[in-house]
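Report on the structure
Chain by chain, the residues:
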There are 2 protein chains.
Amino acid sequence: MLTIEEKFKLMATDSAPGQEVRAPGTVEGLSGDPIEGVRVDFSHGDVDAHPPIPGSLALFDQGFEEGAPQAYTEYRGRAKLRAYLSGKLAEFSGAPVDADSELIVTPGTQGALFLAMGVNIMPGDKVALIEPDYFANRKLITFFGGELVPIRLDYFGAEGAGRAGLVVSELERAFADGVKLFIFSNPNNPAGCLYSREEVTAIGELAEEYGVKVIADELYARQIFDGREYTHLRGLGIMDPENLVTIIGPSKTESMSGFRLGVAYGSPSMIVRMEKLQAIVSLRAAGYCQAVIPLWFSEPEGWMDERIAAHAAIRDDIVAEFRSCPGVRVRATEGGSYVFPQLPALRLGLKDFVTALRVQANVIVTLGTEFGPQFTDSIRLNFSQDHGKAMDAVRRICQMIDRYRA
Amino acid sequence: MLTIEEKFKLMATDSAPGQEVRAPGTVEGLSGDPIEGVRVDFSHGDVDAHPPIPGSLALFDQGFEEGAPQAYTEYRGRAKLRAYLSGKLAEFSGAPVDADSELIVTPGTQGALFLAMGVNIMPGDKVALIEPDYFANRKLITFFGGELVPIRLDYFGAEGAGRAGLVVSELERAFADGVKLFIFSNPNNPAGCLYSREEVTAIGELAEEYGVKVIADELYARQIFDGREYTHLRGLGIMDPENLVTIIGPSKTESMSGFRLGVAYGSPSMIVRMEKLQAIVSLRAAGYCQAVIPLWFSEPEGWMDERIAAHAAIRDDIVAEFRSCPGVRVRATEGGSYVFPQLPALRLGLKDFVTALRVQANVIVTLGTEFGPQFTDSIRLNFSQDHGKAMDAVRRICQMIDRYRA
C-alpha cells in the first residue's frame, strides 16, 4: 500500500493551471533573444477582458446586507436559490430537476466534481475517463484510490464528421470489464469538440446496460459555436436518473470564477451523499457569493450571444494562425474556450518548451501531459482573452515553434 | 469492506448544525402548550447580532474591481495576503511562519480541517481525538478510513483547576499504541474550556516522543475570557515543526463566515500536500472573498475587546440561568462561544427533546451526541446571539427541562 507521501506524489500540481504566478524552472538549451510582447496567461480565462455578468457585485452586496440568512445557508445552498436554479436547469437540460432533492450548490464546478467523485469511488473501483479530458479528473481518481481506465478520444480523426471521436467499442469493453463510474466533459476539455447525439446516446445506453454511474461535466455547455446541436445526456431520458449527475457552473463563459460557484444536479441518492461530504469539506459555497446566483441563466438580453460571438471570433483567428504554422495540427473548437494544438517535433521536451514560452515569449500555456501522459506534443490554450493580445501571443508561440523545430 | 452507501451512512448530517432550516421530525409524547418567544438558533452564531469586521464589504468590492489578479489566485491564496497573514500569525502564535511554504488560505476553517486530515490519514491509520470535540472531526476520520481513538476530556472534573481536563495517561497509552495523528480544539468545542500550559506541553512532548502528527484547531483562540492565559502548542517550540499544523479562521469571533475563509499554517510538507488536495477539491478560497483578509488581525482599535466583553456578558447570564435550573450542570466557558450543559434525566430521549425545543419553544440547539456517542444528556449552544433574545430562549429551555423531567 502507498504511504500518504507516495499518494500525493501522484497528484503533482507543479504544471497545473493557476500556479503560473510562481517562478518558472530553469531550462537548458535556450537560444535566441526574448520576443517582446504583453504577457498572456492562457492557463485560464481573463475576467478583465470578459468581465462577470453585469450586476453581480450589486447582488453580492445585497446578500451581505441581508446578513444571517445569506451567511449561513443549508450545506446544499439556500433553498430559494436552489428553487430558481432547478427551474433554469430543467429548461436548459430538457429534464425535470427537483429543487429539494436533486441539486446542490458547490464551491465552484471543481467542488461539484470533487463531491461527485468522492461519493462514488471506493478504493479499487474502476473508473473510466476520456483521454484527453480535464486534468483534475485523473488526480481525483488517484486521490480516492480508484483504478483509472482510459478511453481514447480520436478528436483529430473525427473532425468534420460531427462527432467528438469517442471509440464506442473501447467504452463498451471497459464497461463490460467492470467499470463502476464514467466521467466525461462535453464540450471536451481540452480538445474543444462536441459529442454527437449518437455518441451521447451510446454513452447512456452502455451505462444503462452495464449499470455504470456517470458524471457529465457540462461546464462549457452554454458556449457552443456555429449553431451546433448540443446533447444533454440527462435530457435523452435513457439512463436511470439515480445513476447520473450533471455538473455546471458560472465560472467560465459567465466569468464568475472569483465567486467560486458551481452546481451538481441529478441523482437524489448521490446528492444526499454529496451534501454529507460538503458538510465536512467546506460546509457550503460562500454564503454571500451564493447571492449572485439569480443572474446566472438570466443574463441581460443579448449578453450571452455577444460573449459567444466574441469567443468564436478569437477562435477563428487563433485556429487560422496555428494552421499557418507548418507542422501544427489543431481541431477547431466547437464549444468552450480551449484549443489543444499538436506541435511538430521540437528540440526541447514539452516541459522545457512550455517554460521557454514563458521565459522568452511571455506566454503561459498548459502542458498536454496534464490531460493524459501521451500528449507530450500538445499544449492547451484557454482563449478567453483579450483578442488582440491573444493573437500577438499566438504569433509568438508560432515563432518559438519555428525557433525550436527539431 | 464497506460499500460507499454504508460509508456515508456513518456520516449522518441530519442533526448537524446548519441544517435546521429543514422541517423538524415528529415527536411522540409532547405535552403542554407552545412557549411563545422569538426564535433563536443556537446551532451557530448570529452575524446580525454581532456583525462582521467593519469595512469588510468595501474591501470585497475593491477586490472585485481589481479583477483578474484577485479572481484567480494561487491555490494556496494570493501571495501578498499570505505575506500579511504570516506576519500576524507569527506574532499571535509566538513562532515564525514562512509565507511561501508554511501557510495556506482555505474555504473556511472547515476547509483547513478537511485538508489537514486528508493529507495525513491513510485507511487504517489510528487517529486520536478528544471526546467531546468538534463534530466534523469524527466524520472526517470516518471518511478517510481512519480508526478513531477517543481520549476522554474530564471537563467537569477539572473545572476551577485551570485545566481543560485532559487525561494525559490515556493520551500516552493511545500514542504508545500506534496513533499516527492527534487532533484537538483549544478552546474546546463544545465544552468551552482552555487547555493549561501543562496540558499543551504534555501534548507536545508526547507527540514528539512518539512521532505523532498534530492538528491544533485554534478557531476560537482570539476569544479568551477573564484574562486567562492561552497556550499555542506551536509557540512552545517543543515539537518538530514538520509534524504540527495549526488552523484558525475569521468565521467566529470576527463573524466573517459568509466569506468562507480559513487558514492552516505550520508544517511545510503538509502545506504542500494540502495545496495539492485543495487543487482538486475547490481550487481556492473564493478569490474575491480573499480580498477581505487584511482586516483580520487588524480590526479597529477596541473592536475585539468589545466583542469579547459582549460575549463574556452573555456567557455570565446563560451560565447563571442554567445553574438555577435544578439538575443542570454546566462548566463556565473560558474561551469561544459555546456552552455544553448536561441535562437532568428527562422523559424524552435527547433527539426528541431537541425536536421538542424546536417545535414547542422555538429554540434550536445541537445534540450532544454529535460530539461523542456518550453525550446523550448534553446539548450545545453557540451563545454568539442577541443577548436579550438568547436569555429569553435559555429560560424557555429551562421551562422545557422542567416540563419533561423524568
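Chains are numbered independently. Their residues run from 1 in the order of the written sequence. The lettering of chains begins at A and the numbering of ligands begins at 1, in the order of writing. Residue-level local features of this predicted model are given only where pLDDT is at least 70; pairs of side-chain atoms are given and counted only at 80 or more, and the full residue set underlies all totals for whole chains, interfaces and linings. The side-chain figures draw on all heavy atoms in the structure; neither hydrogens nor water molecules are used.

1. Here's the deal with the interface of chain A and chain B
Accessible area lost upon the coming together of the parts is a frequently used measure of interface size. We count it as follows: Any pair of residues with heavy atoms lying within 4.5 Å of one another is described as a contacting pair. Simply put, the buried area is the total loss of 1.4 Å probe accessible area from both parts when two parts are fitted together. In what follows, salt bridge is the name for a side-chain nitrogen of Lys or Arg lying within 4 Å of a carboxyl oxygen of Asp or Glu. Whenever a nitrogen or oxygen atom comes within 3.5 Å of another N or O atom, the pair is scored as a polar contact, on the condition that within protein one atom can donate a hydrogen and the other can accept it, and that pairs from neighbouring residues in sequence are kept only if both atoms are in side chains. Secondary structure follows DSSP: runs of H or I at least 4 residues long count as helices, runs of E at least 2 residues long count as strands, and numbering of each begins at the N terminus. Residues are sorted three ways: Asp, Glu, Lys and Arg are charged, Ala, Val, Leu, Ile, Met, Phe, Trp, Tyr, Cys and Pro are nonpolar, and all the rest, Gly among them, are polar.
Taken together, the contact pairs 77 residues of chain A with 77 residues of chain B. Taken as a group, A:Tyr72, A:Lys276 and A:Ile280 account for 13% of the area that chain A buries against chain B, more than any other trio of residues on that side. Counting across the chain A and chain B interface gives two salt bridges. One salt bridge connects B:Glu5 with A:Arg273, and the closest N-O pair in it is separated by 3.9 Å. Here chain A and chain B share 14 residue pairs in polar contact (both at pLDDT 80 or more) between them. Where the side of chain A that touches chain B is concerned, the elements lending two or more residues are helix H1 (4-9), helix H2 (56-66), helix H3 (68-71), helix H5 (108-118), helix H6 (135-143), helix H10 (268-281) and helix H11 (287-290) of chain A. Classifying every residue of the side of chain A that touches chain B by side-chain character gives 41 nonpolar, 18 polar and 18 charged.

2. Overview of the pairing of strand E6 (residues 213-217) of chain A
All names here are of chain A. Worth spelling out the cut-off: When accessible area is computed with a 1.4 Å probe and restricted to protein chains, residues below 20% of their type maximum are described as buried, those above 50% as exposed, and intermediate ones as partly exposed. A strand pair is defined by DSSP finding two or more bridges across the two strands. Classification remark: right-handed applies to a crossover when, strands pointing away from the viewer, the course from the first strand over the helix to the second runs clockwise.
The element E6 is extensively covered by neighbouring structure, given that four of its five residues are classed as buried. As judged from the five bridges shared by strand E5 (residues 181-185) and E6, these two strands associate in the parallel manner. Across the sheet, residue Phe 182 finds its bridge partner in E6, namely Val 214. Handedness of the β-α-β unit built from E5, helix H8 (residues 197-210) and E6 comes out right-handed. With four bridges joining them, E6 and strand E7 (residues 244-248) adopt parallel strand pairing. Residue Ile 215 lies in a different strand from E7, and its bridge partner there is Val 245.

3. What about the relation of the copies chain A and chain B?
Note the threshold: We place the copies in one frame by least squares, fitting the C-alpha atoms of every residue whose pLDDT is at least 70 in both.
Under the fitted operation, chain A is carried onto chain B by 0.0 Å of movement along the axis and a turn of 180°, and the coordinates agree to an RMSD of 0.0 Å. Such a combination of rotation and displacement between the chain copies is what one expects of a two-fold axis. Taking C-alpha positions as the reference, the residue of chain A nearest the rotation axis is A:Ala286, at 3.7 Å. Here 100% of the interface residues in chain A have copies in chain B that are interface residues too; the copies meet face to matching face.

4. Some points on the domain arrangement of chain A
Residues and elements named next belong to chain A. Heads up, the rule is: The split into domains, and so the bounds of each, comes from an automatic or database assignment of domains.
By domain assignment, chain A separates into domain 1 (4-51 + 302-403) and domain 2 (67-295). Each of domain 1 and domain 2 has a C-alpha centre, and these two points are 25 Å apart. The interface is formed by 42 residues belonging to domain 1 together with 33 residues belonging to domain 2. Of the roughly 3,300 Å² buried at the junction of domain 1 and domain 2 (both faces included), carbon and sulfur atoms supply 57%. Sorting the residues of domain 1 by area buried against domain 2 places Arg 331, Glu 334 and Tyr 338 first, and these three jointly supply 25% of that buried surface. Where domain 1 touches domain 2, the interface holds three salt bridges. Between Asp 226 and Arg 315 there is a salt bridge, and its shortest N-O distance comes to 2.9 Å. It is helix H12 (residues 303-323) that provides the largest number of residues to the side of domain 1 that touches domain 2, a total of eight residues. Broken down by class, the residue content of the side of domain 1 that touches domain 2 amounts to 21 nonpolar, twelve polar and nine charged.

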